[in-house]
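Understanding the architecture of this molecule
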2 protein chains.
Amino acid sequence: MDVSPDFDVQLGRDGVALTVRDRELLSAIDEAGSLNAAADSLGRSYAHAQRRVVELEDAFGSLVDRSRGGGGGGGSELTDRAQELLATFDRVRAEFAGVAEADETVLTGRVIDRDGELATVETAAGRVRAVTPPDCTAVAVTIRADAVTLNRPADAPEPGGTSARNRFEGQVLEVDHGETLARVTVGIDPELHLTALVTVESVERLGLDSRAAVVATFKATATRAVARTES
Amino acid sequence: MDVSPDFDVQLGRDGVALTVRDRELLSAIDEAGSLNAAADSLGRSYAHAQRRVVELEDAFGSLVDRSRGGGGGGGSELTDRAQELLATFDRVRAEFAGVAEADETVLTGRVIDRDGELATVETAAGRVRAVTPPDCTAVAVTIRADAVTLNRPADAPEPGGTSARNRFEGQVLEVDHGETLARVTVGIDPELHLTALVTVESVERLGLDSRAAVVATFKATATRAVARTES
DNA sequence: CTGCGTTGTGCCATAGACGATACAACGCCG
DNA sequence: CGGCGTTGTATCGTCTATGGCACAACGCAG
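Residues numbered from 1 in each chain as written. Chains lettered and ligands numbered in written order. Predicted model: local features only at pLDDT ≥ 70, side-chain atom pairs only at ≥ 80, totals over all residues. Heavy atoms only, no water.

What about the domain arrangement of chain A?
- Per the domain assignment, the segments of chain A are domain 1 (11-101) and domain 2 (104-227).
- Between the C-alpha centres of domain 1 of chain A and domain 2 of chain A the distance comes to 41 Å. (Domains from an automatic or database assignment.)

As structure tokens, this is what we get:
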């Protein structure tokens with residue numbers, strides 16, 4: 001189904017959420033040097049922008065040093081705390097964007113063992129360890145392509161020596177070259193393809209031609225299962 | 001700064017976004033067997049719920065089989081497509097939730113080489129390969145704890161044999177045991193701590209006691225950089 | 001044929017977010 | 001001392017999402 005995952009990021013605190021809209025406002029204040037000019041450059045009303053800044057400061061602490069009167073009539077600039085908030089916002093947003101874009105492999109299976117948040121899921125392709133919500137046995141397991149590491153069979157880490165709890169042997173079926181990133185489809189099983197996102201450089205270094213043997217590994221903590229309605 | 005990242009998931013199509021609110025509505029229809037009872041059980045108005053279903057179907061295709069008249073007055077049930085949409089929604093939401101919860105390590109540095117989306121960033125602790133937006137040199141690199149794999153030094157994969165492009169040697173500084181998951185802080189440098197989220201079982205299997213030597217690896221494609229305002 | 005509970009539709013009310021406008025307060029500067 | 005551009009504040013109007021309500025259409029059960 002061709003739907004596109006999308007998201008809105010927020011940084012919450014004291015029940016107030018700093019949204020992308022607020023991020024734009026603070027950023028504009030930083031550039032314009034005054035709340036008034038910032039609201040104007042964004043095509044927003046000064047009144048609302050001013051109120052919003054006060055609301056945000058109630059929750060997040062001092063964000064904008066404002067002064068009125070004086071040379072040029074006054075002005076405003078961001079505090080260090082506000083700069084830090086903006087940086088955090090951008091980082092979080094980038095992380096979410098990465099997830100929204102990422103290809104993913106979905107396996108269906110059943111929980112055969114559980115230990116707290118972690119479960120072992122029996123799937124058509126074998127057993128997968130994944131973070132799993134409580135009280136469900138029929139699950140769908142999602143494996144993000146950027147979480148899958150590919151290894152040459154000879155150099156693949158011993159299962160006992162790595163924290164990557166999931167390990168599948170397979171062969172390269174297809175390499176979808178991008179400019180610097182490549183999407184590699186690994187056949188684990190006639191029924192199961194696993195997609196990995198790796199650099200083109202890795203493709204060349206590992207010799208990931210079609211039919212090359214590879215070992216795919218991924219961490220249990222990067223793998224999420226969700227309850228599946230039995231149909 | 002104690003802010004909590006939060007998010008709203010949506011599945012977009014044809015300019016219409018299926019939100020968490022819509023997910024609740026569809027789910028309630030599935031359980032209640034009628035649009036009327038569903039709206040009622042959610043404390044929402046039937047009129048709006050009905051209109052919303054039509055809006056969604058305009059964009060996503062047939063979602064609810066509705067019939068009026070007949071035994072019991074009629075009723076509604078979800079189509080397979082709707083069930084599939086709900087499952088997709090849950091999977092995406094779980095992925096985002098994982099990101100929102102995850103601890104992360106932030107490194108600041110400068111881009112010293114760039115090849116399309118990928119860049120090499122020079123940081124205090126060494127060079128990191130990360131997905132990087134265009135046109136920026138001062139960046140902050142985010143490494144999610146669930147993307148970091150820990151290896152015993154003896155079993156660590158050869159840099160040439162794995163697609164994990166980032167590799168740091170260090171020693172365990174602290175292990176924060178949870179029930180089944182543990183947050184391991186690895187000292188790479190006096191200045192740099194890297195946090196990894198691994199299973200408790202891995203902690204025991206790898207013997208991750210304090211001061212144990214480990215090799216931390218993570219993929220470039222799972223590492224995001226964002227522009228940083230030079231201060 | 002009537003009753004009943006459903007879907008479908010239209011119209012109005014309400015609440016929240018936001019813009020528009022007006023005006024006071026401030027403080028340097030000529 | 002007055003001008004100027006800023007911040008601060010109040011009030012009103014608009015837009016959008018949503019709830020409330022009324023009523024028609026439907027189709028089986030009795």
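Looking at a negative patch on the surface
- A cluster of acidic residues, Glu101 and Glu179 of chain A together with Asp113, Asp115 and Glu117 of chain B, forms a negative patch at the surface.
- Tracing the sequence through the fold places Glu179 of chain A in the loop between β10 (166-177) and β11 (181-189). (Patch = residues over 30% accessible without salt bridge, like charges linked within 9 Å, V, L, I, M, F, W, Y side chains within 5 Å. Areas by Shrake-Rupley, 256 points an atom, 1.4 Å probe, with all protein chains shown as cover. Salt bridge = Lys/Arg side-chain N within 4 Å of Asp/Glu carboxyl O. Lys, Arg positive; Asp, Glu negative; His and termini not counted. Charge placed at Lys NZ, Arg CZ, Asp CG, Glu CD. Helix = DSSP H or I, 4+ residues; strand = E, 2+ residues; numbered from the N terminus.)

What to know about the nonpolar core
- Counting 58 residues, the largest nonpolar core has Ile29 and Phe96 of chain A together with Ile29, Phe60 and Phe96 of chain B as the members making the most contacts within it.
- Counting residues per element, this core draws most heavily on helix α4 (residues 80-101) of chain B, which supplies nine residues.
- Contacts of Phe60 of chain B, omitting those with residues within four sequence positions, involve Val3 of chain A together with Leu11, Gly12, Arg13, Val16, Leu18, Arg81 and Leu85 of chain B. (Core = buried A, V, L, I, M, F, W, Y, C linked by side-chain atoms within 4.5 Å. Buried < 20%, exposed > 50% of the residue type's maximum accessible area, 1.4 Å probe, protein only. Contact = heavy atoms within 4.5 Å.)

Re the pairing of strand β3 (residues 64-68) of chain A
Residues and elements named next belong to chain A.
- Both β3 and strand β4 (residues 74-78) contribute to a ladder of five bridges, which runs antiparallel. Along β4, the bridge assignment pairs Ser67 with Gly75.
- Count of turn residues in the β3/β4 antiparallel hairpin: five residues, of which Gly69 carries a positive phi of about 80°. (Pairing = 2+ DSSP bridges.)

Looking at the interface of chain B and chain A
- Listed as interface residues are 74 residues of chain B and, on the opposing side, 74 residues of chain A.
- For the pair chain B and chain A, the two sides together bury roughly 6300 Å², of which 53% comes from carbon and sulfur.
- At the junction of chain B with chain A, the criterion picks out 10 salt bridges.
- Across the pair Arg144 of chain B and Glu95 of chain A runs a salt bridge, and its minimum N-O distance is 2.6 Å. (Buried area = accessible area lost by both parts, 1.4 Å probe.)

Side note on the packing of aromatic side chains
- Summed over all chains, the structure comprises seven aromatic pairs over all chains.
- When the ring of Phe7 of chain A is compared with that of Phe96 of chain A, the centres are 5.8 Å apart and the planes differ by 40°; the resulting orientation is tilted. Here Phe96 of chain A lies in helix α4 (residues 80-101) and Phe7 of chain A lies in strand β1 (residues 4-13), a separation of 89 residues in the sequence. Phe96 of chain A shares its class with Phe7 of chain A; the two are buried.
- Ring-pair connections join several aromatic residues into one group, and the members of that group are Phe7 and Phe96 of chain A together with Phe7 and Phe96 of chain B. (Phe/Tyr/Trp six-rings, centres within 6.5 Å; stacked < 30°, edge-to-face > 60°.)

Considering the pattern of salt bridges
- Applying the stated rule across the entire model yields 32 salt bridges over all chains.
- Glu24 of chain A is the salt-bridge partner of Arg44 of chain A, the closest N and O atoms lying 2.8 Å from each other. One end of the pair, Arg44 of chain A, is in the loop between α2 (35-42) and α3 (46-60); the other, Glu24 of chain A, is in helix α1 (residues 20-32), and 20 residues separate them in sequence.
- Asp103 of chain B serves as the salt-bridge partner of Arg183 of chain B, at 3.2 Å between the closest nitrogen and oxygen. Of this pair, Arg183 of chain B sits in strand β11 (residues 181-189) while Asp103 of chain B sits in the loop between α4 and β5 (104-115), and the two are 80 residues apart along the sequence.
- For Arg183 of chain B, a relative accessible area of 32% gives the class partly exposed.
- Three or more residues are tied together by salt bridges with common partners; here these are Asp22, Arg52 and Glu55 of chain A.

Examining the confidence of the model for chain A
- Averaged over all residues, the pLDDT of chain A equals 95, while 99% of them reach at least 70.
- The least confident element of chain A is β4 of chain A, whose mean pLDDT is 93; the most confident is strand β9 (residues 149-151) of chain A, at 98. (pLDDT = per-residue confidence, 0-100.)

What about the protein's contact with DNA strand C?
- Lining the immediate surroundings of DNA strand C are 26 residues, of which His48 of chain A together with Leu35, Asn36, Arg68 and Ser76 of chain B lie closest.
- For DNA strand C, the backbone makes up 64% of the atoms found within 4 Å of the protein, where backbone means sugar plus phosphate.
- Between DNA strand C and Arg68 of chain A, the relevant distance is 3.5 Å, taken from a base nitrogen to a side-chain nitrogen or oxygen of the residue.
- Here a base nitrogen of DNA strand C and a backbone polar atom of Gly73 of chain B are 3.3 Å apart.
- Listed by contribution, the elements that provide at least two residues to the surface near DNA strand C are α3 of chain A together with α2 (35-41), α3 (46-60), β3 (64-68) and β4 (74-78) of chain B.
- The element contributing the most residues to the surface near DNA strand C is α3 of chain B, with four residues.
- Its residues assigned to classes, the surface near DNA strand C shows four nonpolar, 15 polar and seven charged. (Near = heavy atom within 4 Å. Polar contact = N/O pair within 3.5 Å; in protein donor to acceptor, adjacent residues only side chain to side chain. Nonpolar A, V, L, I, M, F, W, Y, C, P; charged D, E, K, R; others polar.)

Observations regarding the protein's contact with DNA strand D
- Neighbouring DNA strand D are 25 residues, the closest being Leu35, Asn36, Arg66, Arg68 and Ser76 of chain A.
- In DNA strand D, atoms within 4 Å of the protein come 67% from sugar and phosphate.
- Here Arg68 of chain A contributes a side-chain N or O atom positioned 2.8 Å from a base oxygen of DNA strand D.
- One of the backbone nitrogen or oxygen atoms of Gly73 of chain A is found 3.2 Å away from a base nitrogen of DNA strand D.
- Elements with a minimum of two residues in the surface near DNA strand D: α2, α3, β3 and β4 of chain A together with α3 of chain B.
- When the residues that make up the surface near DNA strand D are grouped by side-chain class, the tally is four nonpolar, 14 polar and seven charged.

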